[in-house]
Each structure stands twice: as C-alpha cells, then as structure tokens.
Amino acid sequence: MELYLESYLTAGVGVLALLLGRFLTGKVSFLRKVCIPAPVSGGLIFSLLTFALYSFFGIQIGFDGTLKDICMMIFFTSVGFQSDFSVIKKGGKPLAVMVALVAILIAIQNGVAVGIARLMGADALVGMAAGSIPMCGGHGTAGGFKSLLESMGLENAESITMACATFGLIAGSLIGGPLAESIIRSKKLRTASENISIEIEAEKASPEAKSMRLGSEEKEYQRLTRATFQLLLAMALGYLISKALAYTGITFPTYFGSLIAAALMRNVSEHASWSPRMEMGSIVSIGNVCLSLFLGMAMISLRLWELSNLALTLVVILLAHILIIALFSRFAAFPLLGRDYDAAVLVSGLCGFGLGATPNAMANMSAVCNKYSYAVKPFIIVPLIGAMFVDIINTTIISLFISFI
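Note that this is a predicted model, so its numbers are computed, not measured.

### Some words on the nonpolar core
Item 1. In this structure, Phe81, Leu149, Leu350, Phe353 and Ile385 are the most contacted members of the largest nonpolar core, which totals 115 residues.
Item 2. When residues of this core are assigned to their parent elements, the largest contribution, 14 residues, is made by helix H16 (residues 378-404).
Item 3. Apart from the residues lying within four places of it in its own chain, the contact partners of Leu149 are Leu125, Ala129, Ile133, Leu154, Ala157, Thr161 and Ile402.
Item 4. Val13, Ala17, Ile61 and Ile300 belong to the second-largest nonpolar core, a separate cluster that totals six residues.

Okay, structure coming up:
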C-alpha cells in the first residue's frame with residue numbers, strides 16, 4: 001500500500017520535522033555539541049516512523065519533491081551571492097593552502113569511495129553518493145545531486161546521500177577536536193596565535209554571522225523584496241548558464257549555473273558603480289530559511305529500507321572516510337599549514353567540514369580554542385572557505401568524476 005503526499009502536504013510535514021528538531025536540539029545537549037541541524041534530527045525521527053510503517057504494515061509513504069527542489073535552488077543561489085572575490089587576497093598564503101588541501105581531499109574522497117564500491121561489487125554511483133557529495137558537501141549538496149544521480153540510474157540516491165551526510169556530521173564533530181588536541185600535546189605547541197592583521201569585514205568573512213540591523217517594517221520589506229528579486233534574477237541567469245554548460249559534455253547539477261550567476265552578480269556589484277547593491281543580509285536569511293525547509297522535506301523523504309542491501313558497502317566507505325580525514329589532516333594538512341598552533345586549530349576545522357559542514361568546523365575550532373587560547377587566522381580562513389570555495393570546488397570535481405563513470 002502506498003500513500004502519496006502532494007507538495008503542500010510534504011512541505012507541512014517537513015515543517016513539523018523542523019519544529020521537532022528544534023525542540024530536540026533544545027533538550028538534547030549532544031545534538032548541540034555535534035552541531036546537528038534541527039531539520040536533520042527531526043527529519044530522521046519522521047523517516048524512522050515511515051521505516052516502521054513500511055516494515056510492520058507494508059505502508060509506503062511517498063513525498064512530492066517540487067517545493068523541496070525550489071528551496072534547494074534558492075539556497076545554493078544564496079551561497080553563490082556570498083562569494084566576494086575581493087577578500088581572497090586578504091586571506092594570504094594559509095587560505096590558498098587550505099583551499100588546495102580541500103580540493104585534494106575531495107578528489108581522494110571520491111576516488112576511494114568509488115574504488116571501494118567497485119571492489120565490493122556495488123555500482124560506482126553508490127561510491128559517488130557516499131563520497132564528497134555528503135562528506136565535504138553535507139546535506140545541502142547531498143540533496144542537490146540527488147536528482148542527477150537518480151537520472152543516471154541510482155534509484156535510492158537521496159537515502160544514501162542523506163544517511164551518509166548525517167553520519168559525517170557526527171563523525172566530523174567527534175574526531176576534529178581530539179585530533180587537534182593530540183597534535184598540540186605531542187608537539188608541545190605554543191598556544192598564543194600570532195597577532196596578524198587581516199582586515200576583513202565580518203559581513204564578508206562570514207555572512208551567516210552578520211548582525212541584522214533593525215529598521216522600520218517598510219525598510220525591511222523593501223530589503224526582502226530586493227533580495228527576492230536578486231535571487232530570482234540569478235536563478236534565471238543560472239538557467240541559461242546551465243544550458244551553456246551542458247554543451248561541454250560535463251554533467252553538472254541543476255543548481256551550479258545559479259551558483260555561478262549569483263557569484264558573478266555579487267562581484268559585479270562590488271566593483272561596478274552602476275550596479276545595484278546586493279541585499280546580502282536578506283539574501284542569506286532567505287537562503288537559510290530555504291535550507292531549513294529543504295532539509296526538513298529531504299529528511300522525511302528518506303527511504304531507509306532501500307539501504308539494507310548496501311549496508312556493508314556504506315559502512316566500509318564511511319569508516320574509510322574517517323581514516324582518510326585523520327591521516328590527511330595529521331600528516332598532510334598540519335605540516336603544510338605551518339606546524340604551529342594555528343595549523344592544529346585549522347586541522348580541527350578541516351575535520352569538521354571535511355566530513356560535515358562549516359558549522360561543525362567552527363564548533364570544533366571553538367572547542368579547541370576554549371581549552372587553550374583563541375586563534376585569529378583559523379576563524380578568518382574557515383568561514384571564507386565554507387562560504388566561497390567548498391561548494392564550487394566540490395561541485396566541479398564531483399561533476400568531473402561523474403562524467404568519467
């Protein structure tokens with residue numbers, strides 16, 4: 001027996017999952033500690049309920065993904081708007097090294113995941129679904145590639161990517177801090193970060209953390225209106241870019257054109273006097289709302305029973321990811337980043353978004369700094385990478401891998 005929920009019902013259940021997740025986050029300290037987003041924790045409860053209905057009563061619940069896909073597109077467009085290229089040179093050499101390390105890590109994650117999948121007799125697309133898509137990409141990228149992987153024949157793509165992304169959030173939060181602490185202790189590092197002077201506006205370094213200035217209701221309405229128009233224009237331009245990219249023969253996810261279009265609009269606005277100012281505060285707020293809604297609807301749509309045949313393969317791949325990030329961070333990232341206290345803190349951040357997301361990276365670094373002392377560079381570099389580089393680099397490398405499968 002199958003029950004199918006239309007788009008508005010799907011959105012309503014997704015909101016219920018989000019509200020449940022917020023309640024759980026407020027009550028369960030572990031969820032706050034490992035930075036599990038509210039839609040993920042609440043949505044997982046709903047997906048377990050649908051799993052129980054299928055297992056015991058044979059009832060299969062289907063969800064319309066129309067509104068979910070729209071929210072996903074808006075979110076990634078808002079991410080593109082956060083890419084202000086004028087701040088790149090201010091990050092210095094450590095930023096360039098960290099970006100290169102992230103790119104190498106993404107390539108390794110995909111290569112190892114695909115290799116393990118093939119060795120264990122599974123489809124190579126299973127490896128892609130358990131590679132950097134959910135690891136460095138997190139739940140957002142996991143949902144973004146779901147349609148593409150399904151169109152290539154991986155029917156349970158969403159269940160695989162979302163389950164792996166949830167695992168990554170927890171694993172990245174649990175190993176980042178201890179790894180950095182072991183490095184600090186074994187190397188007897190000085191915990192006073194050098195006093196560097198990198199003047200990056202907080203709004204540019206971390207748009208998510210920008211303090212919203214309060215104004216009249218009319219001014220707020222005007223800001224939200226302009227932000228909505230800018231997002232829609234970027235999505236329209238992104239559609240044309242995606243059509244052009246299709247001629248390259250490389251398969252990109254549907255959101256990639258909008259991501260690029262938004263980045264171009266933001267940087268033209270920063271340097272052209274004739275261009276209207278981008279409403280970054282409102283754009284980021286709209287994007288974050290859409291991300292929450294997207295994750296809520298995506299998590300309730302998980303079909304956990306589809307993972308049973310792939311359980312062993314996924315476990316092996318995920319354990320390999322933990323080993324890879326630990327070895328890569330300790331023996332490659334730490335030496336290349338300078339072998340100092342800042343490098344150790346950056347290692348904890350790399351573990352955070354190498355297996356999870358930028359909030360996990362920030363939480364890992366905060367935990368280390370709270371125990372020892374504050375480090376300036378990591379809290380400039382990591383938000384920049386999370387806001388400007390990870391999604392673009394990850395999407396490009398994933399698309400190249402998929403094109404050769």
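Structure shown, so let's carry the discussion forward.
### Here's the deal with the layout of surface pockets
Item 1. Of the volumes computed, that of the largest pocket is approximately 870 Å³.
Item 2. What lines the largest pocket is a set of 39 residues, among which Phe75, Leu291, Ala357, Thr358 and Pro359 lie closest to the centre.
Item 3. Put simply, the parts of the chain that give the lining of the largest pocket at least two residues each are helix H1 (7-27), helix H3 (38-57), helix H4 (66-81), helix H7 (138-151), helix H12 (280-300), helix H15 (358-371) and H16.
Item 4. Residues belonging to the lining of the largest pocket are distributed by class as follows: 21 nonpolar, 15 polar and three charged.

### What to know about the side chain of Asn110
Item 1. Tracing the backbone through its elements, the reader meets Asn110 in helix H5 (residues 92-119).
Item 2. For Asn110, the side chain forms a polar contact with the side chain of Ser132, separated by 2.9 Å.
Item 3. Residues in contact with Asn110, not counting those within four places in the same chain, are Met128, Gly131, Ser132, Ile133, Ile397, Ile398 and Phe401.

### Remarks on the side chain of Gln109
Item 1. Relative to the assigned elements, Gln109 resides in helix H5.
Item 2. In contact with Gln109, not counting residues within four places along its chain, are Gly131, Ser132, Met135, Cys136, His321, Gly354 and Leu355.

### A word on the pattern of salt bridges
Item 1. For the structure shown, the criterion picks out 10 salt bridges.
Item 2. Between Glu181 and Arg185 there is a salt bridge, with the nearest N and O atoms lying 3.2 Å from each other. With Glu181 and Arg185 both in helix H8 (residues 157-187) and four residues apart, this pair spans about one turn of that helix.
Item 3. Overall, Arg185 belongs to the exposed group, its relative accessible area being 54%.
Item 4. Across the salt bridge formed by Glu279 and Arg226, the nearest N and O atoms sit 2.7 Å from each other. Residue Glu279 is found in the loop between helix H11 (256-271) and H12, and its partner Arg226 is found in helix H10 (residues 217-245); the two are separated by 53 residues along the sequence.
Item 5. Members of the salt-bridge network, linked through shared partners, are Glu181, Arg185 and Lys371.

### Considerations on H16
Item 1. At Phe389, H16 is bent by approximately 50°, the largest bend along its length.
Item 2. Within H16, 21 of the 27 residues are buried, which leaves the element mostly enclosed by the surrounding structure.

### Remarks on a nonpolar patch on the surface
Item 1. Side chains of Leu119, Met120, Leu312 and Val316 sit close together on the surface and give an oily, nonpolar patch of about 410 Å² of accessible area.
Item 2. Following the sequence through the fold, Leu119 ends up in helix H5.
Item 3. On the basis of relative accessible area, Leu119 is assigned to the exposed category, the value being 78%.

### Things to note about the packing of H8 against H15
Item 1. Orientation of H8 relative to H15, taken along the N-to-C sense of each, is 35°, at an axis distance of 9 Å. For the pair H8 and H15, the sense of crossing is right-handed. Where H8 approaches H15, its residues Leu169, Gly172, Ser173, Gly176, Gly177, Ala180, Glu181, Ile184 and Arg185 are matched on the opposing element by Asn360, Asn364, Val368 and Lys371.
Item 2. Tallied by class, residues from the contact of H8 with H15 come to four nonpolar, six polar and three charged.

### Regarding helix H13 (residues 311-336)
Item 1. For H13, with 26 residues, the first-to-last C-alpha span of 36 Å sits near the 38 Å given by 1.5 Å per residue.
Item 2. At Ser329, H13 is deflected by roughly 40°, the largest bend along its length.
Item 3. In the stretch just after H13, Gly338 is the one whose phi turns positive, near 120°.

### Structural notes on the packing of aromatic side chains
Item 1. Enumeration over the complete set of coordinates arrives at six aromatic pairs.
Item 2. Between Tyr54 and Trp305, the ring centres sit 4.3 Å apart and the planes meet at 15°, which makes this aromatic pair stacked. Highlighted residues: Tyr54 in helix H3 and Trp305 in the loop between H12 and H13, separated in sequence by 251 residues.
Item 3. We classify Trp305 as buried; its relative accessible area is 12%.
Item 4. On the basis of an interplanar angle of 90° and a centroid distance of 6.2 Å, the ring pair of Phe145 and Tyr255 is categorised as edge-to-face. Of this pair, Phe145 sits in helix H7 while Tyr255 sits in the loop between H10 and H11; the two residues are 110 residues apart in sequence, bridging distant segments of the chain.
Item 5. Put simply, the rings of Phe75, Phe76, Phe145 and Tyr255 pair up and form one aromatic cluster.

### Observations concerning the state of the cysteines
Item 1. For the structure on display, the rule yields zero disulfides.
Item 2. Considering cysteine sulfurs only, Cys290 is the nearest to Cys71, which forms no disulfide, with 4.5 Å between them.
Item 3. A residue is classified by how much of its surface remains accessible, and Cys71, at 9% relative accessible area, is buried.

Conventions adopted
- For every chain, the first residue of the written sequence is number 1, and numbering continues from 1 onward in sequence order.
- Predicted model: local features are reported for residues with pLDDT of at least 70 only, side-chain atom pairs are reported and counted for 80 or more only, and whole-chain, interface and lining totals are derived from all residues.
- Side-chain measures here rest on the full set of heavy atoms in the structure, leaving out hydrogens and waters.
- In this description, a nonpolar core means a group of buried Ala, Val, Leu, Ile, Met, Phe, Trp, Tyr and Cys residues linked to one another through side-chain atoms lying within 4.5 Å.
- A 1.4 Å probe rolled over the protein chains alone gives each residue an accessible area, and that area as a share of the maximum for its type sets the label: buried under 20%, exposed over 50%, partly exposed in between.
- Only runs of H or I of at least four residues qualify as helices and only runs of E of at least two qualify as strands under DSSP, and these elements are numbered from the N terminus.
- Any two residues whose heavy atoms approach within 4.5 Å at even a single point are treated as in contact.
- Each cavity reported here is a set of points on a 1 Å grid over the protein atoms alone in which a 1.4 Å probe fits but cannot get out, each pocket an open set with protein on both sides within 12 Å along at least five of seven lines, and each lining residue one with an atom within 4 Å of a point.
- Grid points are joined across faces, edges and corners, and a volume is the space filled by probe spheres set on the points.
- Amino acids are sorted into nonpolar (Ala, Val, Leu, Ile, Met, Phe, Trp, Tyr, Cys and Pro), charged (Asp, Glu, Lys and Arg) and polar (every other residue, Gly among them).
- Whenever two N or O atoms come within 3.5 Å, that pair is a polar contact, provided that in protein one can donate a hydrogen and the other can accept it, and provided that, for residues adjacent in sequence, both atoms are side-chain atoms.
- For this analysis, a salt bridge means a side-chain nitrogen from Lys or Arg found within 4 Å of a carboxyl oxygen belonging to Asp or Glu.
- Throughout, bend refers to the angle between the axes fitted to the seven residues that end at a position and the seven residues that start at it.
- Only residues whose relative accessible area exceeds 30% and that form no salt bridge enter a patch; like-charged residues are grouped when within 9 Å of one another, and nonpolar side chains (Val, Leu, Ile, Met, Phe, Trp, Tyr) when within 5 Å.
- All accessible-area figures derive from a Shrake-Rupley calculation using a 1.4 Å probe, and residue coverage is judged against the displayed protein chains alone.
- Orientation is described by lines fitted to C-alpha atoms, with helices fitted over the stretch in contact, and by angles between N-to-C directions that extend from 0 to 180 degrees.
- Note on convention: the crossing is left-handed when the near helix lies turned anticlockwise from the far helix by less than a right angle, right-handed when the turn is clockwise.
- In this scheme, a helix's expected span is set at 1.5 Å multiplied by one less than its residue total.
- For this analysis, a ring pair means two rings from Phe, Tyr or Trp (six-membered ring only for Trp) whose centres lie within 6.5 Å, classed as stacked if their planes differ by under 30 degrees, edge-to-face if by over 60, and tilted for the remaining angles.
- A pair of sulfur atoms, both from cysteines and within 2.5 Å, is called a disulfide here.

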